[in-house]
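A look at the structure
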Amino acid sequence: MFEINAVENNLKSVAFYTLGCKLNFSETSTIARNLKENGYHEVNFDDKSDVYVINTCSVTNNADKECRQIVKKARQTNPDGFIVVVGCYAQLKPHEIAALDGVDLVLGAKEKFNIAHFLKALKKSEEAVVHSCEIEEADFYESAYSIGDRTRAFLKVQDGCDYKCTYCTIPLARGISRSDSIENILQKADEIASQGIKEIVLTGVNIGDYGKGEFGNKKHDNTFLELVERLDKETKVERLRISSIEPNLLKNELIEYTLNSQRFVPHFHVPLQSGCDELLKKMKRRYLTALYRERVAKIKEIMPDACIGVDVIVGFPGETEENFMETYHFLNELPVSYFHVFTYSERDDTPAATMENPVPIKLRKKRNKMLRILSEKKKMEFYRSQLGTEHVVLWESENKNGKIEGYTENYVRVQTNFDEKLINQKMDVNLAYIDNNGVVEVQILERV
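Residues numbered from 1 in each chain as written. Predicted model: local features only at pLDDT ≥ 70, side-chain atom pairs only at ≥ 80, totals over all residues. Heavy atoms only, no water.

1. A word on the overall build of the protein
- In terms of regular secondary structure, the protein is built from 13 helices and 20 strands.
- The C-alpha radius of gyration computed for the protein amounts to 22 Å, which stays within 12% of the reference 22 Å derived for 448 residues, consistent with globular compactness.
- Projected onto the principal axes, the alpha-carbon positions of the protein cover approximately 65 × 60 × 45 Å.
- Residue pairs in contact within the protein that sit at least 24 positions apart in sequence constitute 72% of those at least 6 positions apart.
- For the protein, the computed accessible surface area is about 19800 Å², with 47% contributed by carbon and sulfur atoms.
- For the protein, the distance from the average site of its 61 positive side-chain charges to the average site of its 69 negative ones is 3 Å. (Helix = DSSP H or I, 4+ residues; strand = E, 2+ residues; numbered from the N terminus. Rg over C-alpha atoms; globule rule 2.2 N^0.38 Å. Contact = heavy atoms within 4.5 Å. Areas by Shrake-Rupley, 256 points an atom, 1.4 Å probe, with all protein chains shown as cover. Lys, Arg positive; Asp, Glu negative; His and termini not counted. Charge placed at Lys NZ, Arg CZ, Asp CG, Glu CD.)

2. Here we look at the packing of aromatic side chains
- One pass over the full model with this rule turns up 10 aromatic pairs.
- An aromatic cluster is defined as three or more aromatic residues linked by ring pairs; in this entry it consists of Tyr 17, Phe 45 and Tyr 52.
- Lying across the ring of Tyr 145, Arg 33 places its NZ or CZ 3.9 Å from the centre.
- One cation-aromatic arrangement involves Lys 156 over Tyr 141; the distance from NZ or CZ to the ring centre is 5.0 Å. (Phe/Tyr/Trp six-rings, centres within 6.5 Å; stacked < 30°, edge-to-face > 60°. Lys NZ or Arg CZ within 6 Å of the ring centre and 35° of its normal.)

3. Remarks on the pairing of strand S8 (residues 152-156)
- Among the 5 residues in S8, 5 count as buried, and that is most of the element.
- On S8, burial covers both faces: Arg 152, Phe 154 and Lys 156 on one face and Ala 153 and Leu 155 on the other are all buried.
- Direction of pairing for strand S7 (residues 145-147) relative to S8: antiparallel, over a ladder of 3 bridges. If you follow Ile 147 over to S8, its bridge partner there is Ala 153.
- Looking at chain direction, S8 and strand S11 (residues 199-203) are connected through 5 bridges and run parallel. Across the sheet, residue Ala 153 finds its bridge partner in S11, namely Ile 200. (Buried < 20%, exposed > 50% of the residue type's maximum accessible area, 1.4 Å probe, protein only. Pairing = 2+ DSSP bridges.)

4. Details of helix H13 (residues 361-386)
- The end-to-end C-alpha distance of H13 is 38 Å, a good match for the 38 Å that 26 residues give at a rise of 1.5 Å each.
- Buried within H13 are the following residues: Arg 364, Arg 367, Asn 368, Leu 371, Leu 374, Ser 375, Lys 378, Met 380, Phe 382, Tyr 383 and Gln 386.
- Following H13 by one or two positions, Gly 388 adopts a phi angle in the positive range, close to 85°. (Expected span 1.5 Å × (residues − 1).)

5. A look at the side chain of Lys 378
- Counting through the fold element by element, Lys 378 comes out in helix H13.
- Although Lys 378 lies buried, it forms no salt bridge, and the closest oppositely charged side chain, Glu 381, sits 4.2 Å away as judged by the N-O distance.
- A polar side-chain atom of Lys 378 sits 2.6 Å from the main-chain carbonyl oxygen of Leu 334. (Salt bridge = Lys/Arg side-chain N within 4 Å of Asp/Glu carboxyl O. Polar contact = N/O pair within 3.5 Å; in protein donor to acceptor, adjacent residues only side chain to side chain.)

6. Digging into the packing of helix H8 (residues 224-234) against helix H9 (residues 252-259)
- Where H8 contacts H9, the axes come no closer than 10 Å and their chain directions differ by 15°. Taken together, the axes of H8 and H9 lie roughly parallel to each other. When you trace H8 past H9, the crossing you get is left-handed. Contacts between H8 and H9 involve Phe 224, Leu 225, Val 228, Glu 229, Asp 232 and Lys 233 from the former and Glu 253, Leu 254 and Tyr 257 from the latter.
- Looking at the contact of H8 with H9 residue by residue, the class counts come to 5 nonpolar, no polar and 4 charged. (Axes fitted to C-alpha atoms, helices over the stretch in contact; angles between N-to-C directions. Parallel < 35°, antiparallel > 145°, perpendicular 65-115°, else oblique. Left-handed = near helix turned anticlockwise from the far one by under 90°. Nonpolar A, V, L, I, M, F, W, Y, C, P; charged D, E, K, R; others polar.)

7. Side note on the environment of Gln 76
- Structurally, Gln 76 can be placed in helix H2 (residues 61-77).
- Owing to a relative accessible area of 55%, Gln 76 belongs among the exposed residues under this scheme.
- Between the C-alpha atoms of Gln 76 and Glu 390, which are 314 residues apart in sequence, the distance is 50 Å.

8. A short note on the pattern of salt bridges
- Inspection of the entire model under this criterion finds 29 salt bridges.
- Here Lys 212 ties to Asp 162 by a salt bridge, and the two come within 2.6 Å at their closest N and O atoms. With Lys 212 in the loop between S11 and H8 and Asp 162 in the loop between strand S9 (158-159) and helix H6 (170-174), this residue pair connects regions lying 50 residues apart in the sequence.
- Among the ionic pairs, Glu 199 bridges to Arg 241, the shortest N-O distance being 2.9 Å. Pair noted here: Glu 199 is in strand S11 and Arg 241 is in strand S12 (residues 239-242), with a separation of 42 residues, a long-range link. For the pair formed by Glu 199 and Arg 241, the shared burial category is buried.
- A cluster of three or more residues bridged by salt bridges with shared partners is formed by Arg 152, Glu 199, Arg 239, Arg 241, Glu 396, Lys 400, Glu 405 and Arg 413.

In structure tokens, the structure reads:
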């Protein structure tokens, strides 16, 4: 079946489009490197390409809709190109994707890292080829990291989830919780650092659950704190950031370790989902608001300048106006810095999809807007609290209207006049003022 190779098929160029989380970006980048080793060269997704690879998300209905739009775009760019769809949506609804006009190949969670193999035999036909495993078979670990620019990389350390949140499809799309070895993560971190990249963001589905092995091994061979300690002491990368960690897994020991860390920065992203205990129980989250409040208080007690991000869902089934306002006031009172607001959407095969009293779509959107406005207010409050203080910024590469931007260690977005010599440099800066676009203008003090 696989006697035709890429060269014989004349498949030489490949373009990528990634939807969703940092984890998806890390896996797309790894797939790209694999295809490069197999004779492909990467082109921009807007350009004509022999192959288009779309790595999908399926957290919301909007993510599914966006995938369909991207497929259409690829087909219009090159009607003769092969369109390959991988990722969470591909695992959950492979035959739904295969029915989309223009799709040639659909690969599930187990198959996506072997894309070069499947491309060897790919031929144009009226029906897409589907290779999608049962999710129980996705019990092995595949390392991945992405390099999206010259300054920052996303390093995957964990995959899958054993939690059973009633709204979430991730366990159905990615399988059980499993982890990379500490030794391999250290090797990948140094591999990234050797390319001149100064910051690594640790990613995963549930990274606080780090340490579980492959093939259904539920024993924690290591803890996330042990991984953090080893990375802090042994890697060559200059700055490390934790992407997101569940509040019940964000232990005081980890918070306290970050305070005196050489490399880990004072920035925490802690999913909340609801500020109403009644809804947290319906969601089957593993904490209540009291614990969340304790975690935020602990961070701010020892790191007053720390940035704290929040994930929150609006419009969960049964969310009354009182429930929503409970969340609104809870977030308003907490010393957090910004929110990622998600509008609840029904997902097939999840318990929440069949719960009573769904919230009208119009009301969901209204509540989303209210929290996004509150998020902007909290971010500006945080930024203002940092004015006049000194921090270390890592400058990025893009020239935005004569300005160069970057993030401080505590995740304040800052800018100064563009200078190519600043790119990928860490510098001490003083935070001067906030411009009309909500970005902090800085005065450069010295290079670190």
